[in-house]
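Spelled out, the chains give:
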Amino acid sequence: MPKFVEVLLDLPIDRSFTYQIPDGMEEKARIGHRVVVPFARREMTGYVVETLDEVEATYTIKEIKRVIDDTPLYNTQTIALAEWMSRFYLCSRGEALSMMIPGGRRDSSIPALESEEDLLFGRVERLSDEQQHAIDTILKREKPMYYLYGITGSGKSEVFLRAAEAIIREGKTVIYLVPEITLTHQLARQVTNRFSQRVAILHSALTPSQRLKEWKRIIAGEVDLAIGARSAVFAPFPNLGLIILDEEHENSYKSGNTPRYHARQVAQRRCQSEGATLVMGSATPSLEAWALMQENKEVGSLHLRNRVSGGTMPVIEVVNLSYEKNLISKTLQERIKETLNKKKQAILFLNRRGFSYFFHCNSCGYELRCPHCAVALTYHKGTEQMVCHYCGYRTKPMRVCPECNSLDVNYSGFGTEMVEEEVRRLFPSARIARLDTDSAKKKGQVGKVIKAFRDGEIDILLGTQMVAKGLNFPLVELVGIVLADSGLNIPDFRAQERTFSLLVQVSGRAGRYNDQGRVIIQTYHPENPAIQYALRSDVQGFYSQELEIRKQTGFPPYSRLINLVFRGRNQQKVEQEVQKFSAHIEQLTVNGGAEVLCSSECPLEKIASNWRYHLLVSGVQASLAHHLVAKALSDYTPARGVYLEVDLDPLQLI
Ligand SMILES: Nc1ncnc2c1ncn2[C@@H]1O[C@H](COP(=O)(O)OP(=O)(O)OP(=O)(O)O)[C@@H](O)[C@H]1O
Ligand SMILES: [Zn+2]
């Protein structure tokens, strides 16, 4: 009988700790169980990774307080995955294990949305030839990975679901990853219909303990298919046959907390070590995936070129806002009018919520900013507040400048609230609804609005990302992108990629069921490549030229970036720490292999009163850069009050 256990803790320390098993607990304290242990004068949850009959120690070994689980939550496979994560994402094994289970490490930033899509035709009767070919190819499994690159509305989900059914018939299990999942989601309903009770829907409204229950059903072999957002990639299936990763380009597949894993990379790893197949899909693959499709023989590329529900791709027009007085241009107004006359629907998209953006004083130049973050506050007319979109700070709007008392103050820039007001003024008899995270705060609101839109009770739906993704409505003929430029000014090498993908995805909501689809893109920069390629629906053209730029500038996918973000309340201390670490790593990289691209304050230098500095390391040879940073980190502990976050393959540099 083992008397001791090795326990990993959710701390940035990569070592295990030894504890003694109290008499009578031997049966329960096994590998894969969570235990409560005393640690530095508090109690912590630990994960048992090893049991020992005896240990040699010169100190007194403390006892486990209690064992949490009746059955193990981790097996050797998941523990091995955590070990891989710790090496790859440069975190501790305990942090990785904690991230892998519900109620462990907080894996934030999965927005808790509800949305509702209908089951328009129920089960699809006849697959298109393209769909059938894709399914057949996937099921042959001649390659470990497939990429289903299909235009918007080409019926990718049907391909995924059929492949899943076939694999389950073989007695294996399936993980189906989506950017976010809600109970009322079309897909959630479809999988429940098709796979009856043997599914786990890991939707965002589940509490950690409900999720854990689902987890245990999976371990117990009661489930064939689990569907969920990024963390479902850890679903503990013993007999995994397939991982599906839908909308692969979505940023929400990347965790916002340590370890900053990407579900695509974890899925790739799991499939590789568990002998499963990975199938990804999107109308706008990430540049990384695109490069994989071109260059990696391991990836089978499948193409869906046609829409399946009888629609054709929409006609796209660009309007130069520089010549317009109104934020809804003459052309867009015309198109909205036409659409309303035909009793059809329009979606208006804008990537910014709130009413207007900047408050500034025309006399002294004062600008109202968040006291805790390095950003300007946004004016929300609905609630009469100035709001920080980063930390939630709120204050009253101003009529006079707080600096010089001038009355000559101004609000500029515009958000969804202002667009709503403008559209109501222009189309007083139209039925209009707005969807953004502000309007979604009211429980049930999103579902209600989407249902009303589907039922034709709303003529114009306007909003942020929420209206941009996945919506599948027959009556939508017009999509207006109110300002296409909003993402282009962000200091980030992915700004073009992100803008392009968003434009294509939003445009893809129009004309899914008929050939009358129209899209208006409003912009101050009509010559911008992302906009030009989107205008011509030239996806391949965009990727070729963007890849060429990345190659020339040495950015991913042609290099590996590792962003080391240091934060703390004391600015001087954080700055010193970055300099210290910078010198340390420069020493290691003198012989090449990696270089420090920048070591300075982050573009957003303060969030929620924490100063942020970063060190961006880049290396053409991915493994070498990785190795050098790992080495630099191995003998380093940040000063008290300074926290270091490692972001391997960052999606955002702000
Ligand atoms: N073979 C088919 N015949 C008719 N309708 C189909 C067929 N396959 C799928 N559909 C329907 O077409 C609609 C669009 O499919 P789906 O949502 O899978 O598109 P998609 O490729 O994922 O598009 P997007 O990238 O825009 O999300 C769905 O309502 C689906 O039920
Ligand atoms: Zn703030």
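Residues numbered from 1 in each chain as written. Chains lettered and ligands numbered in written order. Predicted model: local features only at pLDDT ≥ 70, side-chain atom pairs only at ≥ 80, totals over all residues. Heavy atoms only, no water.

## Some points on the sheet that holds strand S3 (residues 34-39)
Part 1 of the argument: A sheet is described by the order of its strands in space; here 5 strands give the open sequence S2-S1-S4-S3-S5, paired in antiparallel fashion. With partners counted over all chains shown, the strands left at the sheet margins are strand S2 (17-20) and strand S5 (66-67), one partner each.
Part 2 of the argument: One ladder, built from 4 bridges, connects strand S1 (residues 4-9) with S2; its direction is antiparallel. Looking at the pairing, Glu 6 lines up with Thr 18 of S2.
Part 3 of the argument: Helix H2 (residues 93-100) contacts S1 and strand S4 (42-52) of the sheet and is inclined by roughly 80 degrees relative to S1. (Pairing = 2+ DSSP bridges. Helix = DSSP H or I, 4+ residues; strand = E, 2+ residues; numbered from the N terminus. Contact = heavy atoms within 4.5 Å. Axes fitted to C-alpha atoms, helices over the stretch in contact; angles between N-to-C directions.)

## A look at the nonpolar core
Part 1 of the argument: Core analysis: the largest hydrophobic core is formed by 115 residues, its most contacted members being Phe 234 and Leu 564.
Part 2 of the argument: A total of 7 residues in this core trace back to one element, the largest contributor, which is helix H1 (residues 76-89).
Part 3 of the argument: Listed in part, the 29 residues of the second largest apolar core include Ala 163, Val 174, Val 191 and Phe 195. (Core = buried A, V, L, I, M, F, W, Y, C linked by side-chain atoms within 4.5 Å. Buried < 20%, exposed > 50% of the residue type's maximum accessible area, 1.4 Å probe, protein only.)

## A look at the packing of H1 against helix H7 (residues 263-274)
Part 1 of the argument: Contact geometry for H1 and H7: axes closest at 11 Å, N-to-C directions at 135 degrees. Viewed along their axes, H1 and H7 adopt a mutual orientation that is oblique. For the element pair H1 and H7, the recorded crossing hand is right-handed. Across the interface between the two elements, Gln 77, Leu 81, Trp 84, Phe 88 and Tyr 89 from H1 touch Gln 265, Val 266, Arg 269, Arg 270 and Glu 274 from H7.
Part 2 of the argument: A breakdown of the residues in the contact of H1 with H7 according to their chemical character gives 5 nonpolar, 2 polar and 3 charged. (Parallel < 35°, antiparallel > 145°, perpendicular 65-115°, else oblique. Left-handed = near helix turned anticlockwise from the far one by under 90°. Nonpolar A, V, L, I, M, F, W, Y, C, P; charged D, E, K, R; others polar.)

## Re the side chain of Ser 406
Part 1 of the argument: Mapped onto the fold, Ser 406 is located in the loop between strand S18 (394-395) and strand S19 (409-412).
Part 2 of the argument: Within polar-contact distance, the side chain of Ser 406 engages the side chain of Ser 363 at 2.6 Å.
Part 3 of the argument: For Ser 406, the residues in contact, after removing those within four places along its chain, are Cys 361, Ser 363, Arg 399, Val 400 and Cys 401. (Polar contact = N/O pair within 3.5 Å; in protein donor to acceptor, adjacent residues only side chain to side chain.)

## Structural notes on the layout of surface pockets
Part 1 of the argument: Put simply, the second largest pocket is a space of about 1,100 Å³.
Part 2 of the argument: Contributing to the lining of the second largest pocket are 30 residues, with Pro 12, Ile 13, Glu 95, Pro 638 and Leu 644 lying nearest its centre.
Part 3 of the argument: Elements with a contribution of two residues or more to the lining of the second largest pocket: H1, helix H16 (622-634) and strand S27 (643-648).
Part 4 of the argument: Across the lining of the second largest pocket, the residue classes break down as 14 nonpolar, 8 polar and 8 charged.
Part 5 of the argument: Residue-level mapping places the lining of the second largest pocket at the junction of two domains, with at least three residues from each of domain 1 (4-100) and domain 4 (560-648). (1 Å grid on protein atoms, 1.4 Å probe; cavity = no way out; pocket = protein on both sides within 12 Å on 5 of 7 lines; lining within 4 Å. Points joined across faces, edges and corners; volume = space filled by probe spheres on them. Domains from an automatic or database assignment.)

## Remarks on the packing of aromatic side chains
Geometrically, a pair of aromatic rings is defined through the distance of the ring centres and the angle of the planes.
Part 1 of the argument: A full pass over the atoms with the stated rule returns 18 aromatic pairs.
Part 2 of the argument: The interplanar angle of 70 degrees and the centroid separation of 5.0 Å between the aromatic rings of Phe 17 and Phe 39 together place this pair among those described as edge-to-face. Highlighted residues: Phe 17 in strand S2 and Phe 39 in strand S3, separated in sequence by 22 residues.
Part 3 of the argument: Measuring from ring centre to ring centre gives 5.0 Å for Trp 84 and Phe 88, while their planes differ by 15 degrees; the resulting arrangement is stacked. Here Trp 84 and its partner Phe 88 are both found in helix H1, 4 residues apart, which amounts to about one turn of the helix. Comparing Trp 84 with Phe 88, the two get one shared label, buried.
Part 4 of the argument: Each residue in the set Tyr 149, Trp 290, Phe 500, Tyr 533, Phe 542 and Tyr 543 is aromatic and connected to the rest through ring pairs, giving one cluster.
Part 5 of the argument: For the cation-ring pair, Arg 536 lies above Tyr 533, with the distance from its terminal atom to the ring centre recorded as 5.1 Å. (Phe/Tyr/Trp six-rings, centres within 6.5 Å; stacked < 30°, edge-to-face > 60°. Lys NZ or Arg CZ within 6 Å of the ring centre and 35° of its normal.)

## Quick word on the pattern of salt bridges
Part 1 of the argument: Inspection of the entire model under this criterion finds 42 salt bridges.
Part 2 of the argument: Across the pair Asp 23 and Lys 3 runs a salt bridge whose closest N-O atoms are separated by 3.7 Å. Remark: Lys 3 occurs in the segment before S1 and Asp 23 occurs in the loop between S2 and S3; sequence separation between them is 20 residues.
Part 3 of the argument: Residue Lys 3 is classed as partly exposed on the basis of its relative accessible area, which comes to 30%.
Part 4 of the argument: Of the charged contacts, one joins Arg 431 and Asp 459 as a salt bridge, the two residues approaching to 2.9 Å between their closest N and O atoms. (Salt bridge = Lys/Arg side-chain N within 4 Å of Asp/Glu carboxyl O.)

## A look at the site of ligand 1
Part 1 of the argument: The immediate surroundings of ligand 1 are formed by 19 residues, with Arg 126, Gly 153, Lys 156, Ser 157 and Arg 512 found nearest.
Part 2 of the argument: Interatomic distance of 2.8 Å between a backbone N/O atom of Gly 153 and an oxygen atom of ligand 1.
Part 3 of the argument: Between an oxygen atom of ligand 1 and a main-chain N or O atom of Ser 154, the distance comes to 3.2 Å.
Part 4 of the argument: About the coverage of ligand 1: the protein hides 89% of its 640 Å² of free accessible area.
Part 5 of the argument: Both domains that furnish three or more residues to the shell around ligand 1 are identified here as domain 2 (129-304) and domain 3 (315-354 + 414-552). (Near = heavy atom within 4 Å. Areas by Shrake-Rupley, 256 points an atom, 1.4 Å probe, with all protein chains shown as cover.)

## Considering the UniProt feature "binding site: Zn(2+) 2" (unreviewed entry) in the protein chain
Part 1 of the argument: Annotation from UniProt places "binding site: Zn(2+) 2" (unreviewed entry) at Cys 370, Cys 373, Cys 388 and Cys 391. A maximum C-alpha distance of 8.7 Å places the annotated residues, which cover 22 residues in sequence, within one compact spot.
Part 2 of the argument: Counting through the fold element by element, Cys 388 comes out in the loop between strand S17 (385-387) and S18.
Part 3 of the argument: Ignoring sequence-local partners within four residues, the contact set of Cys 388 consists of Cys 370, Cys 373, Val 375, Leu 377 and Tyr 393.
Part 4 of the argument: Checked against the element boundaries, Cys 391 lands in the loop between S17 and S18.
Part 5 of the argument: Among the residues examined, Cys 391 registers a relative accessible area of 32% and is labelled partly exposed.
Part 6 of the argument: Once residues lying within four places of it in the same chain are set aside, the contact partners of Cys 391 are Cys 370, His 372, Cys 373 and Ala 608. (UniProt positions renumbered as here; feature names shortened; annotations may be inferred.)

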